[in-house]
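Descriptive analysis of the structure
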Amino acid sequence: MFATPHAATGLHQNRESLRKPLLFLAVSAALLLVIGQYTDIDLWLADIHFDPAKGLFPWDQTWFGRIFMHIWVKNVLIWSGFLLVAATVLDFVRPLQRLSEVGRARLRLLALAATLAPALVRSLKARSAMHCPWGIDRYDGSHPFLRLLDAVPADWQAGHCFPAGHASAGMWLAAAAVLWLPHSPRKALLAYAGGTGVGMLLGWVQQMRGQHFLTHTLWTAWLTTAVLVVLLAIFARHLLPSTPAARTPDERAAGQHLAPAEQAVAIPALTGASGRPSAAQARIPSRTL
């Protein structure tokens, strides 16, 4: 899925490297729309975690769900993102000497992913009409279940529950894939899967608590991946180590026309047979060498 263009091939390879990620985004978006609109997997999974006798989601009352996962783990992930942003700002103001050009590009990409992906999810969530499971009449709430492509009634009270905001606190870790690009695409893919898995775990606990449906979390994963693909496209040129400039056709032709004997004599003429500077070269002022 992940690839970066080779420096020698420029814009054409950049476009080629984006084909697979863009195709993945298109296919997965269509699949998510079908799952959310034409299946009841959201309701089926929510039914598993809902206790109709008590009229609540039992996991919502646990220390693990309410405190550990929703507060402690989320705060650790959020502050990790803040540290990346702070390091990026520090490097921008006073460049870190140990960072190479590639390392600097990776740091900035990670900081942007940690900022932009959760911000995008929060922005969409603030404008969402969909309700969380606990607010649905099926689970003792007061609103009917609304799917993503359903028409919103005129008197509808917005639920602000789509996509999953809590999962976005960890989903940006998928951007760690950049640490293995472009030299190890397989490891990059594993890092992407691992980071996405952290977000999915956070989302799953929220589903157990009745705070989100499965598709809410899956769309957060999709949005985060879309942000990551855009950032990779922007930073692709900077993720490659600098390479020597290619010789022009005239330079290559001149090298080919040089006789083998001339090539063999060219270096000894200046350095001497032993490889040390010749007496003639030693008399040349250093500023002319």
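Before any of the text, the structure's been laid out above.
Our subject in this report is the structure included herewith. Residue positions are given per chain, counting from 1 as you read along its sequence in written order. For this predicted model, a pLDDT threshold of at least 70 governs which residues receive local features, and a threshold of 80 or more governs which side-chain atom pairs are given and counted, while totals over whole chains, interfaces and linings are taken from all residues. Side-chain numbers come from the whole structure's heavy atoms, not from hydrogens or water.

**What about the overall build of the chain?**
This is how it is decided: Under the scheme used here, helices are H or I runs from DSSP no shorter than 4 residues and strands are E runs no shorter than 2 residues, and both carry numbers assigned from the N terminus. Burial here depends on accessible area, computed with a 1.4 Å probe over protein chains only, as a share of the maximum for the residue type. Under 20% is buried, over 50% is exposed, and the range in between is partly exposed. In what follows, residue pairs with any heavy atoms lying within 4.5 Å of each other are defined as contacts. The Shrake-Rupley method, run with a 1.4 Å probe, gives the accessible areas here. Residue values count only the displayed protein chains as cover.
Looking only at helices and strands, the chain features ten helices and zero strands. Ordered by position from N to C terminus, the α and β elements of the chain give α-α-α-α-α-α-α-α-α-α. The buried share among the 289 residues of the chain stands at 39%. Counting only contacts in the chain whose residues sit at least 6 apart along the sequence, the fraction spanning at least 24 positions is 73%. Per element, the accessible surface of the chain, about 17,100 Å² overall, is 65% carbon and sulfur.

**So, the environment of Thr115**
Positionally, Thr115 belongs in helix H4 (residues 101–126). For Thr115, a relative accessible area of 38% puts it in the partly exposed group. Thr115 sits 34 residues away from Gly81 along the chain, and the two C-alpha atoms are 7.3 Å apart.

**A few points about the pattern of salt bridges**
The test is simple: Basic side-chain nitrogens of Lys or Arg form a salt bridge, by our definition, when they fall within 4 Å of a carboxyl oxygen of Asp or Glu.
Within the structure shown, the criterion is met by six salt bridges. Taking the shortest distance from any N to any O, the salt bridge between Arg209 and Asp60 comes out at 2.7 Å. Note that Arg209 is positioned in the loop between helix H6 (185–208) and helix H7 (214–235) and Asp60 in the loop between helix H2 (41–49) and helix H3 (63–93), a separation of 149 residues in sequence. For the pair shown, Arg209 and Asp60 are each scored as buried. Put simply, Arg108 and Asp91 hold a salt bridge, and the shortest N to O gap is 3.8 Å. Pair noted here: Arg108 is in helix H4 and Asp91 is in helix H3, with a separation of 17 residues, a long-range link. On the basis of relative accessibility, which here comes to 29%, the residue Arg108 falls in the partly exposed class. When its relative accessible area of 1% is taken as the criterion, Asp91 is described as buried. Salt bridges sharing common partners tie together Asp60, Arg66 and Arg209.

**Description of the state of the cysteines**
Defined as follows: For this text, the term disulfide refers to a pair of cysteine sulfurs within 2.5 Å.
The full count for this structure, using the stated rule, is one disulfide. Paired by a disulfide, Cys132 and Cys161 hold their sulfur atoms 1.9 Å apart. Classification of the bridge connecting Cys132 and Cys161 rests on its S-S torsion, roughly 110 degrees, and on that basis the disulfide is right-handed. In this pair, Cys132 is assigned in the loop between H4 and helix H5 (165–171) and Cys161 in the loop between H4 and H5, connecting sequence segments 29 residues apart.

**Let's talk about the packing of H3 against H6**
Selection criterion: Orientation is described by axes fitted as lines to C-alpha atoms, over the contacting stretch for helices, and by angles from 0 to 180 degrees between their N-to-C directions. Throughout this description, any angle smaller than 35 degrees is read as roughly parallel, any larger than 145 degrees as roughly antiparallel, any in the 65 to 115 degree range as roughly perpendicular, and the remainder as oblique. What makes a crossing left-handed is the near helix being turned counterclockwise from the far one by less than a right angle; a clockwise turn instead makes it right-handed.
Running from amino to carboxyl end, H3 crosses H6 at an angle of 150 degrees, the nearest separation of the two axes being 10 Å. Regarding the angle of H3 to H6, the classification is roughly antiparallel. For H3 against H6, the interelement crossing comes out left-handed. The residues of H6 that touch H3, namely those facing Phe64, Gly65, Met69, His70, Val73 and Leu77, are Val198, Leu201, Leu202, Val205 and Gln206.

**Some points on the packing of aromatic side chains**
Rules: Planes of paired rings set the category: under 30 degrees apart is stacked, over 60 is edge-to-face and the rest tilted, where pairs are Phe, Tyr or Trp rings (Trp by its six-membered ring) whose centres lie within 6.5 Å.
A complete count under the given rule lists eleven aromatic pairs for this structure. With 5.5 Å between their ring centres and 55 degrees between their planes, Phe57 and Tyr139 make a pair best called tilted. Separated by 82 residues along the polypeptide, Phe57 in the loop between H2 and H3 and Tyr139 in the loop between H4 and H5 bring together distant segments of the chain. Relative accessible area serves as the criterion here: at 4%, Phe57 is assigned to the buried category. Taken together, Trp59, Trp63, Phe64, Phe68 and Trp72 form an aromatic cluster joined through their ring pairs.

**Regarding H6**
The cut-off we apply is this: One less than the residue count of a helix, multiplied by 1.5 Å, gives the span that helix is expected to have.
Taking 1.5 Å of rise per residue, 24 residues should cover 34 Å, and H6 covers 34 Å from first to last C-alpha, within 8% of that figure. Within H6, burial applies to Ala188, Ala191, Tyr192, Gly195, Thr196, Gly199, Leu202, Gly203, Val205, Gln206, Gln207 and Met208. Looking at the residues trailing H6, positive phi occurs at Gly210, about 80 degrees.

**A look at the side chain of Arg147**
What counts here: Contacts described as polar in this section are N or O atom pairs within 3.5 Å, which, within protein, must combine one atom able to donate a hydrogen with one able to accept it, while residues neighboring in sequence count only if both atoms come from side chains.
Locating Arg147 in the fold gives a position in the loop between H4 and H5. At 3.0 Å, the side chain of Arg147 forms a polar contact with the backbone oxygen of Gly36. A polar contact of 2.5 Å, which involves the side chain of Arg147, links it to the side chain of Asp40. What Arg147 contacts, discounting residues up to four positions off in sequence, is Gly36, Gln37, Thr39, Asp40 and Met130.

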